[in-house]
Structure formats: structure tokens, C-alpha cells
Amino acid sequence: MKQFRMELENGGTGVESVQKHNIRLGDSLKLIRDLPTQSIDTIVTSPPYWAKRRYNDVGEIGSEDTPEEYVENLTKFFSVLRSFLKDEGNLFVNVGDTFFGSGAGAWNKYVDDEGKVTQTQKDRKEKYYTLKPLQPKIKQNGKLYQNKQLLLIPSRFAVSMQNSGWILRDDIIWHKPNRIPASVKDRFNNTYEHVFHFSKKKKYYFDLDSVKIPTADGRKLKNPGDVWSIKTQPLPGEHTATFPEELVARCIKCSTPENGIVLDPFLGSGTTWIVAHRLERICYGFEIKQEYVEYSYSRFLSSFPDYKMDAFSKKPEAK
Ligand SMILES: C[S@@+](CC[C@H](N)C(=O)[O-])C[C@H]1O[C@@H](n2cnc3c(N)ncnc32)[C@H](O)[C@@H]1O
């Protein structure tokens, strides 16, 4: 795999401390091995969801044949990352659900028997291939696998993480007040996703004061609770699965001291990087797709035009 490495040192954004971000192109499971163990304060991330879209090659997380395999893979992924997270560290994972059988019957329009994207799908001129019709490959069994079944993938993932040793501290509901109504007639429109908060140990860094919100009379501050109503924030450009900055900001503020290190192993369009910088934290971001890394660089630069990056003046080199 082509890889390049870019380290960014802060020049002058009014941020007093030196922030040394480390944004890298490649597979997180390989890149993580270059970091010292116990070096990350917080992981904030949103992995590819199961069978929603294809970002990269066959074999990536999200393209497993069954929801069970997806949950197993994702749990293993975080087991690898675990030793790089400080013992007092935090992990926030935003993960979405899906219904069994969505797009039924159309699978072969999208990928061939070897899982390669077909001409029909290419003709749709979508950058990110929709994998909805993945599911008809699984035989219905009248139990979990039956059309219309909500698969409860986030809950299965949370249980699997508990079984692998993580402590589940919060099941935060990210409510999306601007969610477009779906055309469904026999169920309610889905308007939320889960953000799971895990810790390694019973004692961990947590600054609740930093995220408290005003009470109704405005006289005091209170715990914001575990239902966060935050609008989705679509970005110009091609990345369609971004999470909103406000959501990431809350996770980072309460879990990471200033100048602490935040890792996003599925960086996508760079949301975690932008927010970490704004909050004076250091971001380590890994992304497997070159055009997304480039996109996140331009997004970062347009958000912080005064940021001086020597490394940035030259085009990243493949290594
Ligand atoms: C749901 S998106 C993340 C979106 C991100 N939260 C944002 O706000 O833009 C998941 C990303 O993970 C990337 N990805 C998938 N497998 C990866 C891997 N093994 N290593 C690094 N990145 C990966 C995909 O290319 C995709 O950009």
C-alpha cells in the first residue's frame, strides 16, 4: 500500500503550545504499530458501517458477509488499539444500524461474484459505492435474517466490546433534529445513532465540568445527559458519512486534557483533526483513502488559514 507520512507543527494560530499533529495515509492496523503503547488519551471515531458503502478495496471493515462477522472484526480492531490507549484513556465509537434486506434483489447490479464493483454501479457515477444489496447474499433464516429486521448492530457491537473487556460507560444517543423524513410507511423514521463511550479501567480521565450546559433558568450548569441533539453537518465535496463537529467536540473536551492526544483511526474528511486543533489537543489521524487525506488537509487549511505548516508546502511523498 502506498503510504506517506506528514507531521505538522504549529506555526502561529494564537495557540500557545506547540501542537504536533500526525495525519497519515494507510491502514490503521498497520500505522498504529508505529506509536508507543499507552500514548493516546482518547480515541474518537466512526468506523464504516456494515454494508452501507464501499470506500476502498474488498475486505475492508463494513464489507463482511454478515453482521456477526462485522461485529467480530470491529471488536478485534479495537482490541488491537487498546494497548495504545492510556489506561486512564477513553474510547468513543459512533456506529449506525441497518435493516436486513434493504435493497433486496439488486446485489448483482453492484458487485460481481468476486465482490468487484460492476460496470452498472460505475455507471451510476457515485464515488462511494452503495453496498445496500449486500444482504441478499445471506440466506434468510426466519430469525435474525429476515427482511425488514432491524439488525441492532450497535447493541451487538457494545455487548461484544464488553465481552472483550471494555467497560461501557455511556450509550449516548445522537439525535438528529434535521433528519430528512424517509418514505417508509410501516415504521417510524430513524432519527438517531449511538455513540458508545468505553473505558479500559474503572478510573479514567473525565472532565464533566467542561461540557456542562445551563439549566432552564440559566443560573447553574448541569450534566448534559446522554441524549445529544445535534444537527448533521454535510460537507461540500464527496465524503458523505461525516460526523458533526459539535459531537466530536463534546467527546474530546470531557475526555482529553489540553495538549492531550486524540486518535481517529477512521479519519475520513478530517472532522476529528479540525476539532482537536480548535480545542488545543493533538490529533493523530489515520485514513486509508488518499483522496480523503488530501481533502482533510485542504479542509484543515481553509479552517485555519494562518496555520504555518512547513511540511505542508511540499506534496506528500509516497513511501
Ligand atoms: C464513516 S467514515 C469516517 C468519517 C469521519 N468521521 C468524518 O467525519 O469524515 C470511515 C472512514 O474510514 C476509512 N477507513 C476504512 N478502513 C480503514 C482502515 N483500515 N484504516 C484507515 N481508514 C480506514 C474509510 O476510507 C472512511 O473514510
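Residues numbered from 1 in each chain as written. Predicted model: local features only at pLDDT ≥ 70, side-chain atom pairs only at ≥ 80, totals over all residues.

Draft legend 1. How the structure looks around the overall build of the protein chain. Looking only at helices and strands, the protein chain has nine helices and 13 strands in total. Looking at the protein chain as a whole, 34% of its 319 residues qualify as buried. In the protein chain, once contacts between residues fewer than 6 apart in sequence are set aside, the share between residues at least 24 apart is 69%. (Helix = DSSP H or I, 4+ residues; strand = E, 2+ residues; numbered from the N terminus. Buried ≥ 20, exposed ≤ 12 C-beta atoms within 10 Å, placed from the backbone. Contact = placed C-beta atoms within 7 Å.)

Draft legend 2. Layout of the packing of helix α2 (residues 67-82) against helix α5 (residues 153-163). Interhelical geometry of α2 versus α5 gives an angle of 45° and a closest axis separation of 9 Å. Our classification of the angle between α2 and α5 gives oblique. When you trace α2 past α5, the crossing you get is right-handed. Taken together, the residues of α5 that come into contact with α2 (itself represented by Pro67, Tyr70, Val71, Glu72, Leu74, Thr75 and Phe78) are Ile153, Arg156, Phe157, Ser160 and Met161. Counted by class, the contact of α2 with α5 contains eight nonpolar, two polar and two charged residues. (Axes fitted to C-alpha atoms, helices over the stretch in contact; angles between N-to-C directions. Parallel < 35°, antiparallel > 145°, perpendicular 65-115°, else oblique. Left-handed = near helix turned anticlockwise from the far one by under 90°. Nonpolar A, V, L, I, M, F, W, Y, C, P; charged D, E, K, R; others polar.)

Draft legend 3. Molecular detail of the site of the ligand. Residues in close proximity to the ligand total 22 residues, the closest being Thr242, Phe266, Gly268, Ser269 and Thr271. Here the residues of the shell around the ligand are counted per class, giving ten nonpolar, eight polar and four charged. (Near = placed C-beta within 6 Å.)

Draft legend 4. Up close: the nonpolar core. Val248, Ile252 and Val262 are the most contacted members of the largest nonpolar core, which has 56 residues in total. Among the elements that take part in this core, helix α6 (residues 245-255) stands out by supplying six residues, more than any other. Residues contacting Val248, with those up to four places away along its chain left out, are Val44, Phe243, Thr271, Thr272 and Val275. (Core = buried A, V, L, I, M, F, W, Y, C linked by C-beta atoms within 7 Å.)

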